[in-house]
Amino acid sequence: MSIAIGAGDTAGDPEVMVEMNTTPLIDVMLVLLIMLIITIPIQLHSVHLDLPVGRAAPPVTPPEITRIDIDDQELVRWNGEILPDQEALEQRLAEAAAKPVAPELHLHPDK
């Protein structure tokens, strides 16, 4: 689809064209690319998977919250209950650590 323009040969024979016309090749490649883009979602849409069914996760329970307050006179309260000495605090902490689900300890010291 191209024309060789020039003086040509003296005998009147046109020159041989050496270049290849790539326009039809590009057109075909673009059509194939568009067809591929159109057909990919159709192929992916029809895929069916049989997934295994697992056991449900156990329900999440909120942890027990233990509040420890220390005032300016070094008086210790365990959930509002006044502890008489440090041994009672250590005993309560050991009991809390021995539980299967350890409680959250919220420590609130006085400023």
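In this text, all values refer to a predicted model and were calculated from it rather than measured experimentally. (Residues numbered from 1 in each chain as written. Predicted model: local features only at pLDDT ≥ 70, side-chain atom pairs only at ≥ 80, totals over all residues. Heavy atoms only, no water.)

A. Up close: a nonpolar patch on the surface. Together, Met20, Leu25, Val28, Met29, Val31, Leu32 and Met35 make up an exposed nonpolar region whose accessible area comes to about 720 Å². Structurally, the position occupied by valine 31 is in helix 1 (residues 23-45). The partly exposed category is assigned to valine 31, whose relative accessible area is 48%. (Patch = residues over 30% accessible without salt bridge, like charges linked within 9 Å, V, L, I, M, F, W, Y side chains within 5 Å. Areas by Shrake-Rupley, 256 points an atom, 1.4 Å probe, with all protein chains shown as cover. Salt bridge = Lys/Arg side-chain N within 4 Å of Asp/Glu carboxyl O. Helix = DSSP H or I, 4+ residues; strand = E, 2+ residues; numbered from the N terminus. Buried < 20%, exposed > 50% of the residue type's maximum accessible area, 1.4 Å probe, protein only.)

B. Seen up close, the confidence of the model for the protein. Summing up the model confidence of the protein, the mean pLDDT is 83 and the portion of residues at 70 or higher is 84%. Across the protein, the element-wise mean pLDDT spans from 85 in helix 1 up to 92 in strand 2 (residues 76-78). (pLDDT = per-residue confidence, 0-100.)

C. Spotlight on helix 2 (residues 86-98). Relative to the 18 Å expected for 13 residues at 1.5 Å per residue, helix 2 spans 18 Å between its end C-alpha atoms, a close match to the ideal helical length. Where the residues of helix 2 are buried, they touch strand 2 and strand 3 (81-83). (Expected span 1.5 Å × (residues − 1). Contact = heavy atoms within 4.5 Å.)

D. Quick peek at the nonpolar core. Counting seven residues, the largest nonpolar core is built from Ile68, Val76, Trp78, Leu83, Ala88, Leu89 and Ala96. Among the elements of the structure, strand 2 and helix 2 are those that each provide at least two residues to this core. Top contributing element to this core by residue count: helix 2, with three residues. (Core = buried A, V, L, I, M, F, W, Y, C linked by side-chain atoms within 4.5 Å.)

E. Fine view of the sheet that holds strand 4 (residues 104-109). Ordered in space as 3-2-1-4, the four strands form an open sheet in which the pairing is mixed. Looking at which strands have only one partner, the edges of the open sheet turn out to be strand 3 and strand 4. Sheet twist, expressed as the average angle between the axes of neighbouring strands with direction ignored, equals 25°. Relative to strand 2, strand 1 (residues 65-70) is paired through three bridges, and the arrangement is antiparallel. The residue of strand 2 that forms the bridge with aspartate 69 is arginine 77. Those strands touched by helix 2 are strand 1, strand 2, strand 3 and strand 4, and its axis lies near 30° from that of strand 2. (Pairing = 2+ DSSP bridges. Axes fitted to C-alpha atoms, helices over the stretch in contact; angles between N-to-C directions.)

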